Amino acid sequence: MTAREFNFDGIVGPTHNYAGLSYGNVASATHRHKSSSPKTAALQGLRKMKFVADLGIGQCVLPPLYRPYLGFLRAVGFTGNDEQLLEKAFRTDPVLLAACYSASNMWTANAATVSPAADCQDGRLHFTPANLTSTLHRSLEPPATTRVFRAIFENEDAFVVHDPLPSTLVLADEGAANHTRLTIEPSQPGIEIFVHGRAAMNRNITFPKKFPARQTLESCQAIARRHGLLASRTVHLQQTPAAIDAGVFHNDVISVGNENVFLTHVQAFVDQAAMLSQVRQMFEQQFDSPLQVVEFSDGEISLSKTVSSYLFNSQLLTRPDGGMTLICPLDCKTSSSAYACTQRLIAEDNPVDQVEFFELRQSMNNGGGPACLRLRVVLTEEQQKAMHSGIILTKTLYGSLVKWVEKNYRNELIPDDLRDPNLLTETRDAIHELCGILDLPTDVLLGD
Ligand code: SUG
């Protein structure tokens, strides 16, 4: 059964703003309280999606969740009608207001961990929506994200959408941003690499000193178990504390893999040489073919440039002609070291033969590059027929989404705007309209 990868990009929501909510995410802290442009952000994201679709690669969209999430404000003790809730939260604790307004579900690499059917013992495609326990604003996403996945992947013969892991620091999970799949061809079983920053139950491993490690080994092990993965094709790697302390809050900020190619900075993993040799061996045993690991040294690109350029947060995609395209943020063109790395990559003997640079400034300012904005889902032909088709990015859907954004999104948002009750009604109307465009039931997005 042939299978192909689809990239599910999050449509940036109408409340995209810079609230500095993610400790350990340098860009989020740097842009705290700056003005944002939801309209530009959404259009930048859509342009990237269109480029991928035009390459002949499967491209789908995931909708923004309805924000503000007023249920959260009620849960933390605010009372009154919608308008009063906003005003009280604004006056008492604007951080709580910003949390309930965050458009952070745009970074769909954090929506779930996905194991294609070929990897899972029951032959179904498994999703575990991430509990996102490590940050307050993101911990508000999982219930609605789970509803969205269940609406799109409804057919239980083909798909399993698990509940998120229990929300506790021991099982803190950030989804596919800490997960990579290597294989010889998408329909073949893959080697699944899970990356954690800490082991909650093992105090003997080294921890970052400055910033939090968001993903635990225990959550990775739980996901591998519930997805029914074979131990012989599963690897657990630990992020280096130095990388986390430099601002690598997710592993997709420092490595990216696709099929038989794995790009990484030399300081990404604890015991890197030994661990990568284990991955190589596993790959060769499984596929009788070599894994191409491309490592970039500190001299080529420092940890701090890795974080500021987001080189490894590029999307590495296989085109229908078999070549690979690297979709980088524009910052990789302006940084001389990141640019040199891209040039070394295409000059060397490997499948990567095209590099494209994309302007994604609005999302980048919150620490979200090309790879953060997409979730990879390998679908067999049968699964493609079984999933909800309204989210596949066709030319018509692209046109409708651009029009919808232009009509409904503000050009600018500043922190004070979050107390404006008009923003709430505008957003609700926009999400309502979007449900029609994507043919999704309104209670999926407006059910909270
Ligand atoms: O979780 N930023 C997101 C960025 C997520 C990037 N995703 C991947 N690397 N896959 C985060 O830190 C900032 C929101 C704010 O500060 O307003 C934010 O949530």
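Right above here is the structure, for reference.
Conventions and cut-offs
Residues numbered from 1 in each chain as written. Predicted model: local features only at pLDDT ≥ 70, side-chain atom pairs only at ≥ 80, totals over all residues. Heavy atoms only, no water. Pairing = 2+ DSSP bridges. Helix = DSSP H or I, 4+ residues; strand = E, 2+ residues; numbered from the N terminus. Axes fitted to C-alpha atoms, helices over the stretch in contact; angles between N-to-C directions. Contact = heavy atoms within 4.5 Å. Buried < 20%, exposed > 50% of the residue type's maximum accessible area, 1.4 Å probe, protein only.

(A) Molecular detail of the sheet that holds strand E11 (residues 292–296). Pairing within the open sheet is mixed, and its 3 strands lie in the order E9-E10-E11. Looking at the sheet topology across the chains shown, the edges are occupied by strand E9 (255–258) and E11. Between one strand axis and the next, the sheet turns by 10° as a mean value, whatever way the strands run. Across 4 bridges, the pairing between E9 and strand E10 (residues 261–265) is antiparallel. Following the sheet pairing, asparagine 258 is matched in E10 by valine 261. Relative to the sheet, helix H12 (residues 336–347) contacts E10 and E11, its axis offset from that of E11 by approximately 155°.

(B) Seen up close, the sheet that holds strand E5 (residues 159–161). With mixed pairing, 3 strands are arranged side by side in an open sheet as E3-E4-E5. If you trace the sheet from one side to the other, it starts and ends with strand E3 (112–115) and E5, each paired once. Within this sheet the neighbouring strands show an average axis-to-axis angle of 15°, counted without direction. Relative to E5, helix H6 (residues 142–152) is tilted by about 165°, and along the sheet it contacts E3, strand E4 (125–129) and E5. Helix H7 (residues 217–227) contacts E3 and E4 of the sheet and is inclined by roughly 150° relative to E4.

(C) Looking closely at the pairing of strand E1 (residues 3–10). In terms of burial, E1 is largely enclosed, as 7 of its 8 residues are buried. In this structure, E1 lies alongside strand E15 (residues 374–380), joined through 7 bridges in antiparallel fashion. Opposite aspartate 9, over in E15, you have arginine 374 as the bridge partner. Pairing of E1 with strand E2 (residues 58–62), which is carried by 5 bridges, proceeds in the parallel orientation. Note that in E2 the partner of aspartate 9 across the bridge is valine 61.

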